Amino acid sequence: MLHERAEQFLVERARQIRSGLTETPLIALADEKCEIFVKLEFCNPSGSSKDRSAMWILEQAIGRGEITRETTVVESSSGNFALAMAYYCRMLGIRFIPVIDPNCNESTEAQLRLLCGRVEKVAAADAAGGYLKTRLSRVQDLLAELEVAYWPNQYANSDASDAHYRFTAAELIAQAGPLDYLFVGVGTGGTIAGLSRRIKGAYPDCVVVAVDTEGSVIFGGPPKKRRIPGIGSSIKPPLCDQALIDEVQIVSEVHTVEACAAMAAKYGLYAGGSTGSAYSAVQDYFARSRPGVHRPRVAFLAADRGQAYAGTVYDPTWVQQLRAEAAQTAGVEVLAVN
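About the cut-offs
- Per chain, the residues get numbers from 1 upward, laid out in the order the sequence is written.
- Note on the predicted model: pLDDT of at least 70 is required for a residue's local features to be given, and 80 or more for side-chain atom pairs to be given and counted; whole-chain, interface and lining totals, by contrast, use all residues.
- To obtain the side-chain values, all non-hydrogen atoms of the structure were used and water was disregarded.
- Should DSSP find at least two bridges between two strands, the strands are regarded as paired.
- A run of H or I in DSSP counts as a helix once it spans at least four residues, and a run of E counts as a strand once it spans at least two, with each numbered from the N terminus.
- Only the stretch in contact is used when a helix axis is fitted, and all axes are lines through C-alpha atoms; the angle between N-to-C directions ranges over 0 to 180 degrees.
- Accessible area is worked out with a 1.4 Å probe on protein chains only. A residue is then buried under 20% of its type maximum, exposed over 50%, and partly exposed in between.
- Think of the arc as the fan of directions from the helix axis to the C-beta atoms.
- Contact definition: two residues touch when any of their heavy atoms are within 4.5 Å.
- Residues are said to line a cavity or pocket when one of their atoms sits within 4 Å of a point; the points come from a 1 Å grid over protein atoms alone, cavities being sets where a 1.4 Å probe fits but cannot get out and pockets being open sets with protein on both sides within 12 Å along at least five of seven lines.
- Grid points are joined across faces, edges and corners, and a volume is the space filled by probe spheres set on the points.
- In this count, Pro and Cys sit with the nonpolar residues alongside Ala, Val, Leu, Ile, Met, Phe, Trp and Tyr, while Asp, Glu, Lys and Arg are called charged and the others, Gly among them, polar.
- Residue ranges assigned to each domain were obtained from an automatic or database domain assignment.

Trainee: What exactly am I supposed to notice about the sheet that holds strand 10 (residues 297–302) here?
Mentor: In a beta sheet, neighbouring strands pair by backbone hydrogen bonds and run either parallel or antiparallel. Taken in spatial order, the 6 strands make up an open sheet running 1-2-10-7-8-9, and their pairing is mixed. For this open sheet the edge positions go to strand 1 (26–29) and strand 9 (247–251), each flanked by a neighbour on one side alone. With direction set aside, neighbouring strand axes in the sheet form an average angle of 25°. Here strand 7 (residues 181–185) pairs with strand 10 via 3 bridges, running parallel. Note that in strand 10 the partner of Phe-183 across the bridge is Phe-300.

Below is the structure:
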C-alpha cells in the first residue's frame, strides 16, 4: 500500500535530516564588511530548498490520510517546488500534475515532462503582469476535474513553513551559531516563516531581512512584469503572516543578474536567481550600514543551482535584453512622473 511505502521512505528521509546525515553544507564567503555564510540548499536531493517543504507536506498529508494510492497531487509552481514534488511523488508512485508558466526555465520544464505524465502550462498573464493567479485558477479547474486530488497549497500550508522551522533552521543554528542578520528571499512565504520563527527564538536580536524583487506585490509594491522565477509573487501569500520580519529589501532583476555573475566570478558559486537577489541585498545593505567595531555575522540561502538559469540569468544576450527593457521601463516611469 502507498501509506506503508510512504511511511518507510519519508520517515527515513526525515530521520536522516534530523540526525544531520543529509544536512546541506554551510560555507563562508570572504567579505570586507561582514562575516557572510551561505547555506547550500541546492545540495538537497531534488536540487533546491523546496525539497524540505515538499517532503514534509507529503509526509504529513499521507499520515493524515489525505493522500492515498488513488490521489493525484496538483500544484502551481514556477519551478523548484514542482521539481521537488515530482521527485518525491515519482519515488512514492503518486501521480503529480504541475501547473507551470512561460517563466519556467526550459531545463526545468523538460525535467518535469520527463518525471510527470501530465504537465499543465498556462499562457495568459494575470492582471499583476505575472502568471500566479492564472496558475492557481488552472489548479482549481484540475481539482474539479479529477476524481481524487490533493492540492498542497504551498502558499498557505503551514507544513511548508514547519519544514523549514524543523529542518533548515535547526541546521543553520547548529552550523553557523549566533547570527546578527538573516537574509531570506520571499516567494511563497514558507521559507522565511519557518526560518525567522526559529532563528528569532534562538537569537532574539538577529535582524531578519526579507528580500523581494521589483514587480512583486508581497510587501505592497506596484505589480509589473517579472522574468526570473523563484522569488516574488503576484499575491501576498498567507504564510508571510507567520514570518517575523524586521526589514525588507527590494532588488531589481538587473541587480539580481549582476550579483549572480559576481558570486560566480568571486567565489565560483553558480547559483540561481533568488540567491543572487539575496546576495545583492546583503551587499547593498552593508554598503549603507553604519560602521562598527563588531563584524556582523550574516547568513542567506543558496536556494538552487545556476544550471537552470544558463539560458537566462547567465546568458549575455538575455541579460542585455533585460537591461534594455529595464531602461525603457524606467524612461516611461520618468515621463509619467513629469
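Trainee: What should I look at first to understand helix 4 (residues 106–115) in this one?
Mentor: Every α-helical turn comprises 3.6 residues, leaving residues that sit three or four positions apart pointing alike. Within helix 4 the residues assigned to the buried category are Thr-108, Glu-109 and Leu-112. Projection of helix 4 onto a plane perpendicular to its axis shows the buried side chains occupying an angular sector of 95°, all on one side. Structural note: helix 4 exposes Glu-106 and Leu-114 on the side pointing more than 90 degrees away from its buried face. Buried residues along helix 4 sit in contact with helix 3 (80–92), strand 4 (95–100) and strand 5 (120–121).

Trainee: Can you help me understand the sheet that holds strand 3 (residues 72–76) in this one?
Mentor: Reading across from one edge, 5-4-3-6 is the order of the 4 strands in this open sheet, with parallel pairing throughout. Whereas interior strands pair on both sides, the edge strands pair on one side only; in this sheet they are strand 5 and strand 6 (149–150). Where strand 3 meets strand 6, 2 bridges bridge the pair, whose relative direction is parallel. Across the sheet, Thr-72 pairs through a bridge with Ala-149, a residue of strand 6. With respect to the sheet, helix 3 is in contact with strand 3 and strand 4, its orientation differing from that of strand 4 by roughly 170°.

Trainee: What exactly am I supposed to notice about the layout of surface pockets here?
Mentor: To locate leftover empty space, one rolls a probe as large as a water molecule over the atoms. Put simply, the second largest pocket is a space of about 410 Å³. The wall of the second largest pocket is formed by 20 residues, among which Pro-102, Asn-103, Arg-227, Thr-312 and Trp-318 lie closest to the centre. Mapped by element, the contributors of at least two residues to the lining of the second largest pocket are helix 4 and helix 10 (316–337). With 4 residues, helix 10 is the single largest residue contributor to the lining of the second largest pocket. The class makeup of the residues in the lining of the second largest pocket is 7 nonpolar, 8 polar and 5 charged. Summarising the domain contributions, the lining of the second largest pocket has at least three residues from each of domain 1 (9–48 + 164–323) and domain 2 (50–150).

Taken by themselves, the reported measurements are silent on function.
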